[in-house]
Amino acid sequence: MNTPQYFDASEEKGFVHYLDHDIEDYFVFESNRQIIGSGGVNLSSKEKSACLSYGMIHPDFQGQGIGRELTHFRINHLRRIPHIEEIVVRTSQHVFKFYEKMGFKIDHIEKDYWAKDFDLYQMKI
């Protein structure tokens, strides 16, 4: 439901692969037995960083603070892991302002990374 505004249709295959093979912790936000948001985290025991992954909110519920709450939940989840010193999010130009408000700073930008007109904005906190 967030395609094509926030995701390109070609990214769906990567999301399915993530859910089937790369998922570590993935959280959902429910209201009245309906999933209205979700987002994951990934980490490496060898590194001191972790990544927020595939965060999304149903379009009918955007702008109500659910994304902020889900992001805070994931950040707090990662901060309980002693060796994690840095949290990274890889997003696009369509969402990076949201993460800036959450305290993330742009680390790297790459044009047309996800798909045409979907640039990579790698950010860290």
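The text that follows walks through the structure, step by step, so that each part is easy to find. (Residues numbered from 1 in each chain as written. Predicted model: local features only at pLDDT ≥ 70, side-chain atom pairs only at ≥ 80, totals over all residues. Heavy atoms only, no water.)

### Digging into the overall build of the protein
This is how the line gets drawn: Helix and strand definitions follow DSSP, with helices as H or I runs of at least four residues and strands as E runs of at least two, each counted in order from the N terminus. Only C-alpha atoms enter the radius of gyration; for comparison, a globular chain is expected to reach 2.2 Å times N to the power 0.38, where N is the number of residues. Throughout, exposure labels follow a simple rule: accessible area from a 1.4 Å probe, protein chains only, divided by the maximum for the residue type, with under 20% read as buried, over 50% as exposed, and the rest as partly exposed. Note on contacts: a residue pair qualifies if any of its non-hydrogen atoms lie within 4.5 Å across the two residues. Each accessible area value is a Shrake-Rupley result obtained with a 1.4 Å probe; residue values ignore everything except the protein chains displayed when judging cover.
Counting secondary structure elements, the protein contains three helices and six strands. Relative to the 2.2 N^0.38 estimate, which gives 14 Å for 125 residues, the radius of gyration of the protein is 14 Å and therefore close to what a compact globule would have. Expressed along its principal axes, the backbone C-alpha trace of the protein runs to roughly 40 × 35 × 30 Å. Looking at the 125 residues of the protein, the share that counts as buried comes to 37%. Put simply, 53% of the contacts in the protein that link residues at least 6 apart link residues at least 24 apart. Total accessible area computed for the protein in this model is approximately 7,900 Å², and 50% of it derives from carbon and sulfur atoms.

### Points about the nonpolar core
Counted only if it meets this: Each nonpolar core is a collection of buried residues, namely Ala, Val, Leu, Ile, Met, Phe, Trp, Tyr and Cys, held together in the definition by side-chain atoms within 4.5 Å.
The biggest cluster of nonpolar side chains holds 20 residues, and the ones touching the most others in it are Leu52, Leu78, Ile87, Val89, Tyr99, Phe104 and Met123. Once you skip the residues sitting within four places of it in the chain, Leu78 turns out to touch Val41, Leu43, Ala50, Leu52, Ile84 and Ile87.

### Focus: the sheet that holds strand E1 (residues 25–31)
Filter applied, for reference: Between any two strands, at least two bridges found by DSSP are needed for them to pair. Think of each axis as a best-fit line through the C-alpha atoms, taken over the contacting stretch in the case of a helix, with angles from 0 to 180 degrees between the N-to-C directions.
Taken in spatial order, the six strands of this open sheet run E1-E2-E3-E4-E6-E5, and their pairing is mixed. The open sheet has two free edges, formed respectively by E1 and strand E5 (105–115), since each of these has just one partner strand. Taken pair by pair, the neighbouring strands of this sheet meet at an average axis angle of 20°, ignoring direction. Here strand E3 (residues 49–57) pairs with strand E4 (residues 86–91) via four bridges, running parallel. The residue of E4 that forms the bridge with Ser49 is Glu86. Helix H1 (residues 12–22) rests against E1, strand E2 (34–43) and E3 of the sheet, and its axis sits at about 125° to E3.

Shape is all these values report; function is a separate question.
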